Amino acid sequence: MTPTPPPRGRFAPSPTGPLHLGSLTAALASYLMAKSQHGQWLIRIEDIDPPREIAGMAERQLKTLADFGLLADEPVLYQSERAAVYEATLEKLLREDKAFFCSCSRTQLAAQGGIHRRCVAAIDPERTAIRLRVDDRTIAFADGVYGRQSQQLGVSSGDFVLKRADGYFAYQLAVVVDDAAQGISQVVRGADLLASTPRQIFLQQQLGVPTPAYSHIGLVRDLNGQKLSKSQWAADLDAEDRFIAFCMAYRHLGQDAAVLQRGLGTQAILVRALQHFDARLLPALTVPEPDGTPDGH
Ligand code: GLU
């Protein structure tokens, strides 16, 4: 029997705002999971949605990660440079009749509960998306934190968008293509993406690429129980703030922050966090409601 190779994990921020405590927690979780199993950890900048992005934000996110000692084992991959690969994947799916052109608008789909089961509009060459055709199968997976999950895509999301009518590639397409291209075998990310995972697994099956192991981390909420937004942590942090933020992120992951020592230096703190990290303690916090937009995350 061949031994299981060490995992390859990743953190994949969209450069839509500065990293906040929630994104730091997700980054730290993916790093600690991979490194505690002697694996590799990569960073991918998911810059495929220019209308939502802020100039200079990717560099700023990378600097914040570096300030916490979170350095990737390979060069950072930028999705904005991957259009040719996404196009080739779409062409293959279209050729195999697994994907199709569609000009149905959200308003037109509202009568079907916002879910695309069949086209209700004629093709408009000015406004055409590409969707992946789903079927009746149930997609099930064992999440490392939330346990067994299952979804029938025909009911929950319908045929979903791979390329938007405005010409941009959809997150679901880019994330699956790049997780496969980078050999990612372990995805650890925020629980807001738990409901997206069956769509990603279905697309992996359609493309014949492996499915990574998934663990979703309960979202860090503010004092009012709201999901933190990227704009809520805009300030640059000094060493003391960083130590506190690191302790909060570590504690949120169910770990004992008392093992971390103030004044130790970034790398030494990370090493201690790693030595004491126990993935079995990761808590399953509340699962957020899907945001109701089948084509959003
Ligand atoms: N880029 C996505 C986000 O910032 C995360 C993608 C992922 O981890 O799969 O929400």
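What you are looking at is a predicted structure, and each value in this text was computed from that prediction instead of being measured.

### Considering the overall build of the protein
Within the protein, the regular secondary structure consists of nine helices and 10 strands. For 297 residues, the compact-globule estimate of 2.2 N^0.38 gives 19 Å, and the C-alpha radius of gyration of the protein, at 20 Å, lies within 12% of that figure. Judged by the C-alpha coordinates and their principal axes, the protein covers about 65 × 50 × 35 Å. Counting over 297 residues, the protein shows a buried share of 50%. For the protein, the proportion of contacts with a sequence separation of at least 24, taken over those separated by at least 6, is 75%. Of the accessible surface of the protein, which amounts to about 14,100 Å², a share of 54% is contributed by carbon and sulfur atoms. Taking the average location of the 31 positive side-chain charges in the protein and that of its 33 negative ones, the two points are 4 Å from each other.

### A few points about the site of the ligand
Neighbouring the ligand are 11 residues; Arg10, Ala12, Glu46, Tyr171 and Arg189 lie closest to it. Separating a nitrogen atom of the ligand from a side-chain N or O atom of Ser14 is a distance of 2.9 Å. Coverage of the ligand by the protein chains reaches 87% of its 300 Å² of free accessible surface. Residues of the shell around the ligand, tallied by class, amount to five nonpolar, two polar and four charged.

### Some words on the pattern of salt bridges
All told, the structure shown has 18 salt bridges when counted by the stated rule. As a salt-bridge pair, Arg242 and Asp67 come within 4.0 Å of each other at their nearest N and O atoms. On the criterion of sequence distance, the pair formed by Arg242 in helix H8 (residues 239-252) and Asp67 in helix H2 (residues 57-67) is long-range, its members being 175 residues apart. Connected via shared salt-bridge partners are Arg10, Arg44, Glu46 and Asp179.

### Some remarks on the packing of aromatic side chains
This model, assessed by the stated rule, comprises four aromatic pairs. With 5.2 Å between their ring centres and 65° between their planes, Tyr86 and Phe169 make a pair best called edge-to-face. Pair noted here: Tyr86 is in helix H3 (residues 83-95) and Phe169 is in the loop between strand S8 (160-163) and helix H6 (171-181), with a separation of 83 residues, a long-range link.

### Some details on the sheet that holds strand S4 (residues 99-102)
Sheet strands line up and pair through hydrogen bonds in the backbone, either parallel or antiparallel. The antiparallel open sheet is built from three strands, whose spatial order is S4-S5-S8. At either end of the open sheet lies a strand with only one pairing partner, and these are S4 and S8. Each neighbouring strand pair of the sheet contributes to a mean axis angle of 45°, computed without reference to strand direction.

The rules behind these values
- Residues numbered from 1 in each chain as written.
- Predicted model: local features only at pLDDT ≥ 70, side-chain atom pairs only at ≥ 80, totals over all residues.
- Heavy atoms only, no water.
- Helix = DSSP H or I, 4+ residues; strand = E, 2+ residues; numbered from the N terminus.
- Rg over C-alpha atoms; globule rule 2.2 N^0.38 Å.
- Buried < 20%, exposed > 50% of the residue type's maximum accessible area, 1.4 Å probe, protein only.
- Contact = heavy atoms within 4.5 Å.
- Areas by Shrake-Rupley, 256 points an atom, 1.4 Å probe, with all protein chains shown as cover.
- Lys, Arg positive; Asp, Glu negative; His and termini not counted.
- Charge placed at Lys NZ, Arg CZ, Asp CG, Glu CD.
- Near = heavy atom within 4 Å.
- Polar contact = N/O pair within 3.5 Å; in protein donor to acceptor, adjacent residues only side chain to side chain.
- Nonpolar A, V, L, I, M, F, W, Y, C, P; charged D, E, K, R; others polar.
- Salt bridge = Lys/Arg side-chain N within 4 Å of Asp/Glu carboxyl O.
- Phe/Tyr/Trp six-rings, centres within 6.5 Å; stacked < 30°, edge-to-face > 60°.
- Pairing = 2+ DSSP bridges.
- Axes fitted to C-alpha atoms, helices over the stretch in contact; angles between N-to-C directions.

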